[in-house]
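Letter by letter, the chains look like this.
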Amino acid sequence: MQARVLILTLIAQMWCIAMAETQSPNLIGRWNVEITFANEQPRSLRFDAQGAGKGTFELLDPRAKVWGAATSSEAKWSQEQGNSVTFSGPVEFMLGNVGRDAGTLVFKGKFETADLISGEVEFSPSVGERPSKHGTFKAVRAGGG
């Protein structure tokens, strides 16, 4: 009788340990990213995270239609311990109806859930001697991703 109780107790403990060990969320997939820079209008982009740390950014700016179809740029990403992620790549934000603000976005965040990442973002202009812009972001996994 004691052997059965001991075996059942061990099985229950092993089950609890297995349930407590959660897998790290997977970054691979399509993400809708909302960026908020201090004192500026929000920006949106789509991030498609692919295998081997590769991906693409596509700006979601209705004004971009002035320049034709939306273009994508190469991005890269890494996933560290503790559910931390970093992704980055070049972008060109629209300035008014005729200008572009080219630079590099670097996102550093953490998974809040398997389908939500939040953190900080930095935009470093590639032209001129302007300072970097800092802000926050939220990335939500797109349906079907």
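Since we're looking at a predicted model, the values are computed, not measured. (Residues numbered from 1 in each chain as written. Predicted model: local features only at pLDDT ≥ 70, side-chain atom pairs only at ≥ 80, totals over all residues. Heavy atoms only, no water.)

Check the secondary structure of the protein and you find one helix and eight strands. Secondary structure of the protein in N-to-C order comes out as α-β-β-β-β-β-β-β-β. Put simply, the protein has 145 residues, and 32% of those count as buried. For the protein, the computed accessible surface area is about 9400 Å², with 57% contributed by carbon and sulfur atoms. (Helix = DSSP H or I, 4+ residues; strand = E, 2+ residues; numbered from the N terminus. Buried < 20%, exposed > 50% of the residue type's maximum accessible area, 1.4 Å probe, protein only. Areas by Shrake-Rupley, 256 points an atom, 1.4 Å probe, with all protein chains shown as cover.)

Turning our attention to the confidence of the model for the protein. For the protein, mean pLDDT is 83; residues scoring 70 or higher make up 74% of the total. Helix α1 (residues 2-20) is the least confidently modelled element of the protein, averaging 50 in pLDDT, while strand β8 (residues 133-141) averages 97, the highest of any element. The low-confidence segment residues 15-21, where pLDDT is below 50, has zero contacts with residues more than four positions distant or belonging to other chains. (pLDDT = per-residue confidence, 0-100. Contact = heavy atoms within 4.5 Å.)

Turning next to the nonpolar core. The biggest cluster of nonpolar side chains holds 24 residues, and the ones touching the most others in it are Phe-47, Leu-105 and Phe-107. Among the elements of the structure, β1 (29-37), β2 (43-49), β3 (54-59), β4 (72-79), β5 (84-95), β6 (99-113), β7 (116-125) and β8 are those that each provide at least two residues to this core. Dropping the residues within four chain positions of it, Phe-47 is found in contact with Leu-27, Gly-29, Arg-30, Trp-31, Val-33, Gly-55, Thr-56, Phe-57, Ala-75, Trp-77 and Phe-87. (Core = buried A, V, L, I, M, F, W, Y, C linked by side-chain atoms within 4.5 Å.)

Bridge analysis of β6 against β7 gives 10 bridges, and the strand direction is antiparallel. In the sheet register, Thr-104 faces β7, and the bridge partner there is Ser-124. Taken together, β6 and the strand that follows it, β7, pair antiparallel across an intervening segment of two residues. Where β7 and β8 come together, eight bridges link them in antiparallel fashion. Opposite Glu-122, over in β8, you have His-134 as the bridge partner. (Pairing = 2+ DSSP bridges.)

All right, on to the environment of Thr-36 then. Its place among the elements puts Thr-36 in strand β1. Note on Thr-36: relative accessible area 42%, which makes it partly exposed. In this structure, the C-alpha to C-alpha distance between Thr-36 and Phe-137, residues 101 residues apart in sequence, is 6.2 Å. What Thr-36 contacts, discounting residues up to four positions off in sequence, is Gly-135 and Thr-136.

Mapping Ser-84 onto the fold places it in strand β5. Once you skip the residues sitting within four places of it in the chain, Ser-84 turns out to touch Ser-78, Gln-79, Gly-109 and Lys-110.

Another aspect to go through is the pairing of β1. Where β1 lies against β2, seven bridges are found, and the strand directions are antiparallel. Bridge assignment links Arg-30 to a residue of β2, and that residue is Asp-48. Between β1 and β2, which follow one another and run antiparallel, lie five residues, and Asn-39 among them has a positive phi close to 60°. Judged from the seven bridges that link them, β1 and β8 form a sheet pairing that is antiparallel.

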